[in-house]
Protein chains: 2
Amino acid sequence: MAAARPHRPAPLNLRLTLAYDGTRFRGWARQPGLRTVEGVLGDALGIIYDDHGPLHVAGRTDSGVHALGQVVSATVVGGPPPAVAARVLSGVLPEDLAVLAAAEAAPSFHARHSAHARTYRYRVRIVRHRAPLDARRALYDPRRLRRDLLDRWAAAIVGTHDFRAFTPTETQHSDFVRTVESAQWLDRGDELQFEITANRFLRHQVRTLVGSMLKAARGEDDTDPAVLLAGAPRSAAGPTAPPWGLYLVAVRFREPD
Amino acid sequence: MAAARPHRPAPLNLRLTLAYDGTRFRGWARQPGLRTVEGVLGDALGIIYDDHGPLHVAGRTDSGVHALGQVVSATVVGGPPPAVAARVLSGVLPEDLAVLAAAEAAPSFHARHSAHARTYRYRVRIVRHRAPLDARRALYDPRRLRRDLLDRWAAAIVGTHDFRAFTPTETQHSDFVRTVESAQWLDRGDELQFEITANRFLRHQVRTLVGSMLKAARGEDDTDPAVLLAGAPRSAAGPTAPPWGLYLVAVRFREPD
């Protein structure tokens, strides 16, 4: 008589859209003893699924960086059907991390490799008084800025360039060429917002672009952006703006899933 | 020969407009060993002025309640002139508390006694998914609400009523009659916002009004608001909504200062 074999459900490729307040996370990547997005999300997947594979992420975010539309994929086994996974997961996750949507993706879907474009936003408060409710949500910089220089920079950034000036010198990147699809500064009342969409980004790229643009717009550096965008060394660009003004807004994928 | 008398600057009555993120404050009133708005602000005044009198506040806020336009008055001696006091104080205050404006007020000005009307806002997120960046800034309540009942309640609240049903039974209030000048629910995309202006408020009044309205609008309580607004006991009203959805928005004063 054959022993009954326990039912083993088929694995499926799960695609999750996340939002988080980056303030209390030490970035994306799981690290022992530190609270990270990958660590907290992975623990939640471990609770509601029988098993899951490694987590793939569209945009690795640093400590303090926020997300409005991060995308993660992982193979999961068992657990609730995808249609209710967002609700079940959100019940397990802490208040600063939420699953906005969950769906079954094609087996070939990979949140990082399938991502075609990422959009980031950087918020700069430009009025004199601080906004305590935005203290960890926007850069506070009330110094006078030349708006025309910001626009000139944004226009220069669009296109395909060697961005090595905008990433730390000690780097894991070997290719510094990226293609920026759109980049613009928007007036939003008490703040300016920089929005940029590119195929992918170097580490600290958006923050160093913002730091360099703000320095130029304050009249403290008149280096031609075209020079910086042609493979200049890191030392030629401006400072890296702090993480708390930065948001991963959305990710676009190669094919509809 | 007379001894030289040290110069003693004249005291002046200072009026401050404050904003704060209430999350990490244990409310307004100074308490030993706890971080409160009065305590942190008083310490800052102690640093930049030679001396100061007691702090008077237009709207005492509870733990977790935020402020966009709180008003405080205090007599101060020495220190910077009022025109630069906001900037100097903001340099001393932590990131979750800011002075938006500072000015010399008439000697008779008293932030509590001179206040003529206070406006509060309560934010309720009504869409299914949580917003991590608003976790401590709005109530999350995606349950279905009857919008018409909210409007009926708001209309009933306007006017002069005995609000004892909307404040804790153990109370320091002796007069429960308040005059509500305006009250309305506003549609703001993913959220509903309740805005109310009254001459003054009982403790927990806005939060208990909101808790009662949400309960009614979910169809869980069909008590006529007119009954509750005519001196019914606390037990007749609904629960007290949590503090983190509540904002003191603005204060109006009897005479221009």
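Residues numbered from 1 in each chain as written. Chains lettered and ligands numbered in written order. Predicted model: local features only at pLDDT ≥ 70, side-chain atom pairs only at ≥ 80, totals over all residues. Heavy atoms only, no water.

1. Observations concerning the overall build of chain A
Convention followed: In this text, helices come from DSSP runs of H or I with a minimum length of four residues, and strands from runs of E with a minimum of two, each type numbered from the N-terminal end. Relative accessibility under 20% of the residue-type maximum defines a buried residue, over 50% an exposed one, and the middle range a partly exposed one, all with a 1.4 Å probe and only protein chains included. We call two residues in contact whenever any of their non-hydrogen atoms come within 4.5 Å of each other. The accessible surface values rely on the Shrake-Rupley method and a 1.4 Å probe; as for residues, cover is taken only from the protein chains in view. Neither His nor the chain ends contribute to the count of charged residues, in which Lys and Arg are positive and Asp and Glu negative. The location of each charge is read from NZ of Lys, CZ of Arg, CG of Asp or CD of Glu.
The secondary structure content of chain A amounts to 5 helices and 11 strands. For chain A, the C-alpha atoms occupy an extent of roughly 85 × 40 × 35 Å along the three principal directions. Within chain A, buried positions represent 52% of all 257 residues. For chain A, long-range pairs separated by at least 24 residues make up 73% of all intrachain contacts whose partners lie at least 6 apart in sequence. Working note: accessible area of chain A is about 12200 Å², and carbon and sulfur atoms make up 51% of it. Distance between charge centroids for chain A: 2 Å, based on 34 positive and 27 negative side chains.

2. Structural notes on empty space enclosed by the protein
Residues and elements named next belong to chain B. The test is simple: For cavity detection a 1 Å grid was placed over the protein atoms alone, and a set of points counts as a cavity when a 1.4 Å probe fits there but cannot get out; an open set counts as a pocket when protein lies on both sides within 12 Å along at least five of seven lines, with lining residues being those that have an atom within 4 Å of a point. Grid points are joined across faces, edges and corners, and a volume is the space filled by probe spheres set on the points. When residues are sorted by character, Ala, Val, Leu, Ile, Met, Phe, Trp, Tyr, Cys and Pro go into the nonpolar class, Asp, Glu, Lys and Arg into the charged class, and all the rest, Gly among them, into the polar class.
All chains considered together, the criterion is met by 1 cavity of 30 Å³ or more. Computed from the structure, the largest cavity encloses a volume of approximately 50 Å³. Per-element accounting of the lining of the largest cavity gives the leading share, 3 residues, to helix 4 (residues 205-217). For the lining of the largest cavity, the residue count by class is 5 nonpolar, 3 polar and 2 charged.

3. Some thoughts on the interface of chain A and chain B
Quick note on the threshold: Buried area: the accessible area, evaluated with a 1.4 Å probe, that two parts lose upon being put together, summed over both parts. Here, a salt bridge means any side-chain nitrogen of Lys or Arg that lies within 4 Å of a carboxyl oxygen of Asp or Glu. Any N or O atom pair separated by 3.5 Å or less is treated as a polar contact, with the protein-specific requirement of one donor-capable and one acceptor-capable atom, and with residues adjacent in sequence counted only for side-chain atom pairs.
Opposite the 24 residues of chain A that make contact, chain B presents 24 residues. Surface buried jointly by chain A and chain B totals about 1900 Å² across both partners, of which 56% is contributed by carbon and sulfur atoms. Area buried by chain A at its contact with chain B is led by Glu95, Arg130 and Leu133 of chain A, which between them contribute 39% of it. Run the count over chain A and chain B and you get 2 salt bridges. Across the pair Arg136 of chain A and Glu95 of chain B runs a salt bridge whose closest N-O atoms are separated by 3.0 Å. Scanning the region where chain A abuts chain B turns up 12 residue pairs in polar contact (both at pLDDT 80 or more). Elements supplying a minimum of two residues to the side of chain A that touches chain B: strand 1 (12-20), strand 4 (66-77), helix 2 (82-92) and strand 5 (97-105) of chain A. Counting residues per element, the side of chain A that touches chain B draws most heavily on strand 5 of chain A, which supplies 4 residues. In terms of residue class, the side of chain A that touches chain B is made up of 13 nonpolar, 3 polar and 8 charged.

4. Details of the relation of the copies chain A and chain B
For clarity, the threshold we go by: Least squares is the method for superposing the copies, and the C-alpha atoms it fits come from residues with pLDDT of at least 70 in both.
After a rotation of 180° and a shift along the axis of 0.0 Å, chain A superposes on chain B with an RMSD of 0.0 Å. Overall, the copies show the geometry of a two-fold rotation axis. Of all interface residues in chain A, 100% are interface residues in chain B too; the two copies therefore contact each other through one and the same surface.

5. Considering the domain arrangement of chain A
Residue and element names in this part refer to chain A. The test is simple: For each domain, the first and last residues come from an automatic or database assignment.
Here the domain parsing of chain A yields domain 1 (12-105) and domain 2 (116-253). Taking the mean C-alpha position of each, domain 1 and domain 2 sit 27 Å from one another. At the junction of the two partners, domain 1 supplies 17 residues and domain 2 supplies 17 residues. Summing both partners gives a buried area of about 1200 Å² for domain 1 against domain 2, and 57% of it is carried by carbon and sulfur. Sorting elements by how many residues they give to the side of domain 1 that touches domain 2 places strand 4 first, with 6 residues. Here the side of domain 1 that touches domain 2 is composed, by residue class, of 5 nonpolar, 8 polar and 4 charged.

6. Quick look at the pairing of strand 11 (residues 246-253) of chain B
Residue and element names in this part refer to chain B. Selection rule: Being paired, for any two strands, means DSSP has found at least two bridges between them.
For strand 11, the tally of buried residues reaches 6 of 8 residues, placing the bulk of the element in the interior. Across 2 bridges, strand 4 (residues 66-77) lies against strand 11 in parallel orientation. Across the sheet, residue His66 finds its bridge partner in strand 11, namely Tyr247. Pairing between strand 6 (residues 115-125) and strand 11: 7 bridges, direction antiparallel. Bridged to Arg121 within strand 11 is Tyr247.

7. A few points about the packing of helix 1 (residues 37-48) of chain A against helix 2 of chain A
Residue and element names in this part refer to chain A. Just so we agree on the cut-off: In this description, a line fitted to the C-alpha atoms serves as the axis of each element, helices being fitted only across the stretch in contact, and the angle between N-to-C directions of two axes falls anywhere from 0 to 180 degrees. For any pair of crossing helices, the crossing counts as left-handed if the nearer helix is rotated counterclockwise from the farther one by less than a right angle, and right-handed if it is rotated clockwise.
Here helix 1 crosses helix 2 at 115°, and the two axes come no closer than 10 Å. Crossing geometry of helix 1 relative to helix 2 is assigned as right-handed. In this structure, helix 1 uses Ala44, Leu45, Ile47 and Ile48 to contact helix 2, whose residues at the interface are Val88, Leu89 and Val92. Looking at the contact of helix 1 with helix 2 residue by residue, the class counts come to 7 nonpolar, no polar and no charged.

8. Description of the packing of aromatic side chains
All names here are of chain A. Convention followed: Between rings of Phe, Tyr and Trp, where Trp is taken as its six-membered ring, a pair exists when centres lie within 6.5 Å; planes separated by under 30 degrees are stacked, by over 60 edge-to-face, and by other angles tilted. Two conditions define a charge sitting above a ring: the NZ of Lys or the CZ of Arg must be within 6 Å of the ring centre, and it must be within 35 degrees of the ring normal.
Going through the model one piece at a time under the given rule, you end up with 12 aromatic pairs over all chains. These aromatic residues form a ring-pair network of at least three members: Trp153, Phe163 and Phe166. Over the aromatic face of Trp244 sits the side chain of Arg136, whose NZ or CZ is 4.5 Å from the ring centroid.

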